[in-house]
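# Fold and contact review
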Amino acid sequence: MTGRVRGVLAVVGVLGVVGVIAGPVAAAQNRPPGVPRGEIAIPVAPDSNVASSNGPLRPLQPHGPFGTARAVVVMVSHGARTSVRLKVTGIEHAAGRTFGAHLHTGPCVAGDGAAAGPHYNTDAIEGRKPARADREREVWLDFTVSPSGAGTASTVVPFAPKPGNRSIVIHQEATDSHGTAGARLACIPLTWD
Ligand SMILES: [Cu+2]
């Protein structure tokens, strides 16, 4: 644990522990007191599982607004409850557009959108049939692009995704009520065990 994280703990200890990951500049309202600009903070109870990823998005299409974009994603599971936050920066020529984004079961492989596999769906993983697709059973992180080319999303789901070599996939359209969002444009890996 770094000194920076200890400092954050001191500031927000009353609310619980806070984990901090370096990443693109976080909006001011996402930063509790004491968290430096450029960090994402998320509440973390002592026995939580934390997974995070931070870096350039990997392209799944040859052209598009995510060619030079970066992302940071933080996932915190505590018991059967999981919080996930995503921030994407450097999105080009897409202000005002909304893109679907989800946790997928498979890895993030540049140029190979199919490698990411289907959405992580807790019904499907647990073998419940029929599997239903909604924001309670899957991790949906749709975001709308700001004038400066950034987008943020967060969600809380009532399950803890099983470990694996997984990915957050960004799609061409907003997610519809069936969980579909069009072509796969880019991804960022998210791996934990
Ligand atoms: Cu998806």
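Refer to the structure printed above.
The sheet built from four strands is open, its strands ordered β4-β12-β11-β8 with antiparallel pairing. With one partner strand each, in any of the chains shown, β4 (58-59) and β8 (101-104) form the two edges of the open sheet.

Where two aromatic rings form a pair, the distance of their centres and the angle of their planes describe that pair. Scanning the model with the defined rule gives four aromatic pairs in all. Taken together, a centroid distance of 4.9 Å and an interplanar angle of 75° make the contact between F66 and F99 edge-to-face. Of this pair, F66 sits in the loop between β4 and β5 (70-78) while F99 sits in strand β7 (residues 98-99); the two residues are 33 residues apart in sequence, bridging distant segments of the chain. Each member of the pair, F66 as well as F99, carries the same accessibility label: buried. With a centroid separation of 5.9 Å and an interplanar angle of 35°, the aromatic rings of F99 and F143 are classed as tilted. Of the two residues, F99 sits in strand β7 while F143 sits in strand β9 (residues 143-144), which places them 44 residues apart along the sequence. Classification of F143 as buried rests on a relative accessible area of 1%. Put simply, the rings of F66, F99 and F143 pair up and form one aromatic cluster.

In a structure, side chains of opposite charge can pair up when their charged atoms sit close to one another. The final tally for this structure, using the stated rule, is four salt bridges. With its nearest N and O atoms 3.7 Å apart, the salt bridge here joins E126 to K162. Of this pair, E126 sits in helix α2 (residues 122-126) while K162 sits in the loop between β10 (151-157) and β11 (164-171), and the two are 36 residues apart along the sequence. Overall, the relative accessible area of 44% leaves E126 in the partly exposed class. Of the residues examined, K162 reaches a relative accessible area of 39% and is grouped as partly exposed. For D134, the salt bridge identified is with R137, shortest N-O distance 2.6 Å. The buried category is assigned to R137, whose relative accessible area is 19%. Overlapping salt bridges, with partners in common, bring together D123, R128, D134 and R137 in one network.

Procedures and definitions
Residues numbered from 1 in each chain as written. Predicted model: local features only at pLDDT ≥ 70, side-chain atom pairs only at ≥ 80, totals over all residues. Heavy atoms only, no water. Pairing = 2+ DSSP bridges. Helix = DSSP H or I, 4+ residues; strand = E, 2+ residues; numbered from the N terminus. Phe/Tyr/Trp six-rings, centres within 6.5 Å; stacked < 30°, edge-to-face > 60°. Buried < 20%, exposed > 50% of the residue type's maximum accessible area, 1.4 Å probe, protein only. Salt bridge = Lys/Arg side-chain N within 4 Å of Asp/Glu carboxyl O.

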